[in-house]
Amino acid sequence: MALFFVIMIFNDWGIWYFLYIICKRGEKMAKTYNYRYESVEGLLDYIASHNLDKVNSILVQVFLGQGGKDQAEKIRTAVVDALPKAALIGCSTTYAISHHEIINKDVPIISFTTFENTNLSTRLFNLETRMDEQAIIEKISKELITEDTKAIIFLISHLELSFSYILEKVHELYPGIAFSGGVAADIPNCRDTIVMNEYAAEERGMAVAALSGKDLIVNSSVNEQWEDIGRPFIVTKASGKTIYEIDHKKPTSIIRRYLGEDFVARLPQSAIQIPFRKGDEALFIYNVLDHGAIQMSHEIEQGEEINFAYANIEKLMEESIKELKRLNKKPVESIFLYNCIGRKNTLSKYISEELEMMSRISPVCGFFSNGEIGKKADEPPRLFAHALTYLAISESPLSIHKDLRFKYDISSEVKNLSALTHLINATSEDINQLRVNIERSESYYRSLFDNNNDFVYSTDLNGIFTSVNASFLKTFGQEEEMVIGKSALKWVEPENHALVRRHFHKAVQGKEQYYELLVNTQNAEKVHFQIKNIPITINGKCVGIYGIGKNMTEQKKIQQEISRLSNYDYDTGLPNRSKFNEVLEEMLHRAKKKKRRLAVIFVDIDRFKIINDTLGHFAGDLMLKELAARLQGALPNGAYLGRFGSDKFTILLTKDIDDEAVVDTGRKLLDKVQEPFSFKDKEFFVTASMGIAVYPQDGLETEQLMQNADTALNQVKLHGGNNLLFFSNDMNEDALRRVELESQLRRALDNGEFFLVYQPILDIRNKKVTGLEALIRWEHPQRGLVSPADFIPLAEEMGIIIPIGSWVLETASLQLKELERQGYHDLSMSINVSAQQFQDPSFIYEIKETIEKTAISPERIHLELTEGVMIDQSDSTMERLKTLGEIGVNISIDDFGTGYSSLSYIKHLPFHILKIDRSFIMNLSESSPDFAIVKAIMTMGEGLRLQVIAEGVETLDQLLLLESMNCDFAQGYYIAKPMKASELYQWLPLNREMKARAK
């Protein structure tokens, strides 16, 4: 070292550093010597002359050639005696490798590789003893491998021996170790094949050597380049490593057909050149059994796909150059090489050049094997074919990059092989593409044929079945063997034979045929099928017929369903408007011929919108279905019921049409409608309105009769409903006025045509006005004052009652605030709320906003709800009522006793006031029936702690009678008529406290 530093001071640093590396490499080096064996004496002289007996760690690899076991023992004994510390492995060989030379089978080669700091150990396993594979793995793990093991070399006597599992499991345990080696022989029992170590030699076994050392550096690689050729084959019968059938034929028959008789005669040696390939693995044939079966180098399962394969020469050369360049940059001191005998036989010049270039990198030893052991990248180790594997080893990390050039001198032989490779490759691609296209086409056909829900069949020109699909067999309940070869007419009813023959012969002439056929299925059910016959044409000639049978049952059902949906109402099953008009047209045509009368009745359920808004559409639909059933059950003979839409029905009467009979029918129908409905264990009541138009006096055509019946219906609705009415010409004028009124009502709110009047409410006990009810009025620019009874139902029907109600709420509240400013702090304001407004999502918000805006006490606002709201006791309705109670407003039930619900509902709902409808007060006396009703309501209100207001009080006697019943409040013309705000300001100071007076 001192000399080194002195030299560095006075000389060029780079040159002397190179010399330093050489010196250091000399201290640690894996160096290989190859000796051609002639005699024991010559061997011992070689060992002594090279001072090999002075080396502590030495690996001896014996490549025996074709020498037998005696020669193996002679060589083994001589080496062990001369080098007692040496580790030895060896095997029989056809050709050995000594640096760049290929040595034939007559000359054994003994390779000595010396190490400084590498431990070597070997084991020999006799695989004939059927030693358990797991036991071998354990022995290798415990006796050979240490934490410093870098590489393992396997030498196998015969290809047929099972060792793949051992390779895989050792790799799983030690994934960082490099694997290499080779198989000595491929033909079982053809010659003595030896494997050996320093302790013994075996004819059928495996020698294993492990190389371990912290300083040991190992590089390994595999160069195997296979290409599939021809079509794939399916292994149809196999067990273990033996294939009995390929594509249901003897393997030798398949090989003979594609590779020729000479190839089969040279098996298994010839299979090294063109083996089978499964995925990325080449499969060697190592034995041919009787009856054409073959034994493979790997286990194979029935159903697996295999191909013939060939070596791609260009890719082999390309990969070889890359690997030589890579190896030249690595620290390499010796190379152990295991090359395929097949490559040597077919690519001799290429192999010679490859050995020469590799030996320029470092000394080389090895042999030509019948299967090469190696490992690619992230894959487990395995047996390769037509490959080169190697171990490049070094004990020094220092690498000397030699200026080497690697290039193959491509001979005419290799060029021809390369051209042949191109030809094979291109032909294989064409064949594969053709095969893929054929398979795809066949797959499409089979998929269409086998998976078709329609039954599909083919026949020859005589009508004999040649194929049928699964649907055919299922339809007729037959097995395939019972159908193929039989006449198609066997499955056709005799009366249809002529029909089927006629279409069959036309199809044979090249014309597609369609016809319907009644077929007996396996369930003895006659089913309509649509049959399609298609000629099978090859080279322009018809050779058979395809038949497709489509079951039309479902299609006919769908057509019927479409017809039903287009002509009948989904909910009630009644004819819809279109179907009803169709029937009416037909009946009119008959009536005109026979000069008979017809009657068209329009039926509309009164205030049905309240049912939908309060109980929900589900309850409404149930009620409509029951109504339809009731009406249908009450109709006379010759009557026809339809659903016009929503809650409107149409009825056509065709027999005994006179006014009295029509009225009688109408009354019966109205009575049926008024029967109670049950929903959620509660009863509800509805009424209906009817408009009647009679042919011929009210119209001669469908449209006119329908329109006039509808006009009559609207007149009934305008007068309160629950009645029937015949059409008259005057109604058309009323209908026109109604249309005009609708148009004007939409603009009334924007034009400020609405105003409020206020009717005082009297506290009967104190004889003092304590509240007012806000009532809306419409001042029409042309018509003058329009009654609320005329426009409120219309506003509800048109859907504009919500904005009108919002205006009333705001205006009445502002008026109450104004009265407060005038000193009336204890007055309340009753405001009517429609069912639609109550259900509106923004209603609660409007109440809160109004109270906040006017700053009036919430309890002074009384919201009057009709009994229609009580019908719906849904969570949302109860939540709204609860929220209103929390806000503090009072809630009144308006027109109590006239609605749909039971009085028992009141106890479940958070109300404060009951307002008795004026119909119970107008004729009130102690002897009238109304007395008992009013008294009962008073008693109920007292029991439920509700205040009671009587509407429509017009006489002193009525007021005194109400007082005697302990009624809380009264409202009516006797107390005061509704008045405008300006009139109210004058009336209140004079009349707020009143005494009983005569009207």
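Residues numbered from 1 in each chain as written. Predicted model: local features only at pLDDT ≥ 70, side-chain atom pairs only at ≥ 80, totals over all residues. Heavy atoms only, no water.

Draft legend 1. Quick look at the overall build of the protein. Looking only at helices and strands, the protein has 30 helices and 46 strands in total. Going through the 999 residues of the protein one by one, you find that 51% of them count as buried. Carbon and sulfur atoms make up 50% of the accessible area of the protein, which totals about 47600 Å². (Helix = DSSP H or I, 4+ residues; strand = E, 2+ residues; numbered from the N terminus. Buried < 20%, exposed > 50% of the residue type's maximum accessible area, 1.4 Å probe, protein only. Areas by Shrake-Rupley, 256 points an atom, 1.4 Å probe, with all protein chains shown as cover.)

Draft legend 2. Layout of the sheet that holds strand β25 (residues 388-394). Spatial ordering of the open sheet is given by β5-β4-β22-β21-β25-β13, a layout of six strands whose pairing is mixed. Of all strands in the sheet, those bounded by a partner on one side alone are β5 (101-103) and β13 (217-223). Recorded for the sheet is a direction-independent mean angle of 15° between the axes of neighbouring strands. Two elements, strand β21 (residues 334-340) and β25, share six bridges in a ladder whose sense is antiparallel. (Pairing = 2+ DSSP bridges. Axes fitted to C-alpha atoms, helices over the stretch in contact; angles between N-to-C directions.)

Draft legend 3. The packing of aromatic side chains, seen in detail. Tallied over the entire structure, the rule returns 28 aromatic pairs. Centre to centre, the rings of Phe154 and Phe179 are 6.0 Å apart; their planes meet at 5°, and the pair counts as stacked. Residue Phe154 is found in strand β8 (residues 149-158), and its partner Phe179 is found in strand β9 (residues 178-185); the two are separated by 25 residues along the sequence. In this structure Phe179 comes out as buried when scored by relative accessible area, which is 1%. Feature note: the residues Phe455, Tyr457, Phe465, Phe472, Phe476, Trp491 and Phe529 constitute an aromatic cluster, connected by ring pairs. In this structure, Lys237 packs its charged tip against the face of Tyr244, placed 5.8 Å from the ring centre. (Phe/Tyr/Trp six-rings, centres within 6.5 Å; stacked < 30°, edge-to-face > 60°. Lys NZ or Arg CZ within 6 Å of the ring centre and 35° of its normal.)

Draft legend 4. Quick look at the sheet that holds strand β19 (residues 294-296). Pairing is antiparallel in the open sheet, where seven strands are placed in the order β17-β16-β20-β14-β15-β19-β18. Strands with a single pairing partner mark the edges of an open sheet, and in this sheet they are β17 (281-283) and β18 (285-288). For this sheet, the mean inter-axis angle between neighbouring strands, taken without regard to orientation, is 50°. Of the pairings in the sheet, the one linking strand β16 (residues 276-278) to strand β20 (residues 305-311) comprises two bridges and is antiparallel in character. Pairing of Phe276 across the sheet is with Phe308, part of β20.

Draft legend 5. View of empty space enclosed by the protein. One pass over the structure, following the stated rule, counts two cavities of 30 Å³ or more. Roughly 90 Å³ of internal volume is contained in the largest cavity. Along the walls of the largest cavity sit Ser221, Val222, Asn223, Glu319, Ser320, Glu323, Leu324, Glu354, Met358, Leu388 and Tyr390, which together make up its complete lining. Where the lining of the largest cavity is concerned, the elements lending two or more residues are β13, α9 (313-328), α11 (348-361) and β25. Looking at which element gives the most residues to the lining of the largest cavity, the answer is α9, with four residues. Each residue belonging to the lining of the largest cavity can be placed in one class, and the counts come to five nonpolar, three polar and three charged. (1 Å grid on protein atoms, 1.4 Å probe; cavity = no way out; pocket = protein on both sides within 12 Å on 5 of 7 lines; lining within 4 Å. Points joined across faces, edges and corners; volume = space filled by probe spheres on them. Nonpolar A, V, L, I, M, F, W, Y, C, P; charged D, E, K, R; others polar.)

Draft legend 6. Structural detail: the packing of helix α23 (residues 801-821) against helix α30 (residues 981-991). Where α23 meets α30, the closest approach of the two axes is 12 Å, and the angle between their N-to-C directions is 35°. In this structure, the crossing between α23 and α30 has a hand that is right-handed. For the pair α23 and α30, contact is made by Gln815, Glu818 and Leu819 and by Ala981, Leu984, Tyr985 and Leu988, respectively. Residue composition of the contact of α23 with α30, grouped by class: five nonpolar, one polar and one charged. (Left-handed = near helix turned anticlockwise from the far one by under 90°. Contact = heavy atoms within 4.5 Å.)

Draft legend 7. Spotlight on the pattern of salt bridges. Overall, the coordinates contain 40 salt bridges when judged by the stated rule. Residue Glu356 pairs with Arg360 through a salt bridge whose shortest N-O separation is 3.1 Å. Highlighted residues: Glu356 and Arg360, both in helix α11, separated by four residues, approximately one helical turn. A salt bridge links Lys717 to Asp604; the shortest N-O distance between them is 2.7 Å. One end of the pair, Lys717, is in helix α20 (residues 702-718); the other, Asp604, is in strand β31 (residues 598-605), with 113 residues separating them in the sequence. The structure contains a network of salt bridges with shared partners spanning Glu773, Glu864, Lys915 and Glu951. (Salt bridge = Lys/Arg side-chain N within 4 Å of Asp/Glu carboxyl O.)

Draft legend 8. Here's a closer look at the environment of Ser678. Among the structural elements, Ser678 can be located in strand β34 (residues 677-679). Under the relative-accessibility criterion, Ser678 is labelled exposed at 58%. Separated by 59 residues in sequence, Ser678 and Ala619 place their C-alpha atoms 10.0 Å apart.

Draft legend 9. Focus on α30. Taken as a whole, α30 has its buried residues at Ala981, Leu984, Trp987 and Leu988. What you see down the axis of α30 is that its buried residues fit within an arc of 110°, all on one side. Exposed positions of α30 whose direction lies more than 90 degrees from the buried face are Gln986, Pro989 and Leu990. Packed against the buried residues of α30 are β38 (754-763), β39 (768-780) and α23. (Arc of directions from axis to C-beta.)

Draft legend 10. Looking closely at α20. Relative to the 24 Å expected for 17 residues at 1.5 Å per residue, α20 spans 25 Å between its end C-alpha atoms, a close match to the ideal helical length. Taken together, the buried positions of α20 are Thr702, Leu705, Met706, Asn708, Ala709, Thr711, Ala712, Leu713, Gln715 and Val716. Immediately downstream of α20, the backbone of Gly720 shows phi near 100°, a positive value. (Expected span 1.5 Å × (residues − 1).)

Draft legend 11. Local environment of the environment of Leu745. For Leu745, the position within the fold is in helix α21 (residues 730-748). C-alpha of Leu745 to C-alpha of Ile792: the two residues are 47 residues apart in sequence and 9.9 Å apart in space. Apart from residues no more than four positions distant in its own chain, Leu745 is found in contact with Phe754, Trp778, Phe791, Leu794, Ala795, Met798 and Ile800.

Draft legend 12. Up close: the pairing of β39. Taken across its 13 residues, β39 has eleven buried, putting it largely inside the fold. Pairing analysis gives ten bridges linking β38 to β39, with the strands arranged antiparallel. Its bridge partner being in β39, Phe755 is matched across the sheet by Arg777. The hairpin formed by β38 and β39 contains four residues between the paired strands, and Lys767 there has a positive phi angle of roughly 50°. Bridge analysis of β39 against strand β41 (residues 828-833) gives four bridges, and the strand direction is parallel. For Ala774, the partnering residue across the bridge sits in β41 and is Ile831. Where β39 meets strand β40 (residues 784-786), three bridges bridge the pair, whose relative direction is antiparallel. Looking across to β40, one finds that His780 is bridged to Gly784. Between β39 and β40, which pair antiparallel and follow one another directly, the connecting turn spans three residues.

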